Amino acid sequence: MRIIFVGPPGVGKGTQAQRLVAYLGIPHLSTGEMLRQAMEEGTEVGRLSQAHIQSGKLVPDEIVLRIMDERLDQPDCRRGYLLDGFPRTIKQATALDEFLAARQTPLCGALELKVDEDQLVARLASRGRTDDEPEIIRERLRHYGAQTSPLLDYYRRRGLLHEINGMGTQDEVFERIQRVLSTIGAKK
Ligand code: ATP
Ligand code: MG
């Protein structure tokens, strides 16, 4: 099972991703988490990413692509994975297609989580990460609209996009995700 989560910052991708990977028994590959860990460890990738993340900009594609290409080769990815926060640009999506073709492992689906904009801001504001300041949140939402939302059409055209209502309780959202996965043949 190889699945992508798409949706704006604060929509609840991370929360639902954690539940879903526990349910499916596949790794959760969050580029945001990987980059934050690299910053904590002070690696080269971390140093190169810091200013972008703290100002709400996207980290350059070549950095993100480098860590993802390496990560997909780890043995735990053999049975599949859930991508959270990647791809975030059309360039990343076309590179991912190349990574998948080279490994002969097609994508099973892209799940779009959707909530009202005031919900997004409320969820982000309650989280307290240093890139969750109001003006940085606005910057991230702007990048989502400009650079990431074109991915929705990219996957829709390929028949891979599934829209999921992200409003309501975590349990309700998770049930909707499970229902969609059963239609695309996800096995536990
Ligand atoms: P969530 O949707 O889980 O609430 P989020 O999408 O706001 O969270 P992360 O996915 O954790 O946040 O990403 C945090 C930051 O890391 C981004 O604002 C961006 O700077 C950087 N980042 C993460 N993934 C990518 C990516 N694929 N390409 C470029 N930058 C990225
Ligand atoms: Mg996240």
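To be clear, the structure that these remarks concern was listed above.
The rules behind these values
Residues numbered from 1 in each chain as written. Chains lettered and ligands numbered in written order. Predicted model: local features only at pLDDT ≥ 70, side-chain atom pairs only at ≥ 80, totals over all residues. Heavy atoms only, no water. Helix = DSSP H or I, 4+ residues; strand = E, 2+ residues; numbered from the N terminus. Rg over C-alpha atoms; globule rule 2.2 N^0.38 Å. Buried < 20%, exposed > 50% of the residue type's maximum accessible area, 1.4 Å probe, protein only. Near = heavy atom within 4 Å. Polar contact = N/O pair within 3.5 Å; in protein donor to acceptor, adjacent residues only side chain to side chain. Areas by Shrake-Rupley, 256 points an atom, 1.4 Å probe, with all protein chains shown as cover.

1. Structural notes on the overall build of the chain
Then step 1. A count of helices and strands for the chain gives 9 helices and 5 strands.
Then step 2. Along the chain, helices (α) and strands (β) appear in the sequence β-α-β-α-α-α-β-α-β-α-α-α-β-α when read from the amino end.
Then step 3. Radius of gyration (C-alpha) of the chain: 16 Å, near the 16 Å computed for a compact globule of 188 residues.
Then step 4. The C-alpha extent of the chain, read off along each of the three principal axes, is 40 × 35 × 30 Å.
Then step 5. In the chain, which comprises 188 residues, the share counted as buried stands at 48%.

2. A word on the site of ligand 1
Then step 1. Surrounding ligand 1, one finds 21 residues, the nearest of these being K13, T31, K57, R127 and R140.
Then step 2. R36 is positioned with one of its side-chain polar atoms (N or O) 2.9 Å from an oxygen atom of ligand 1.
Then step 3. Note that an oxygen atom of ligand 1 is positioned 2.6 Å from one of the backbone N or O atoms of K57.
Then step 4. Protein contacts shield 96% of the accessible area of ligand 1, which totals 630 Å² for the unbound molecule.
Then step 5. Counting residues per element, the shell around ligand 1 draws most heavily on helix α2 (residues 31-41), at 4 residues.

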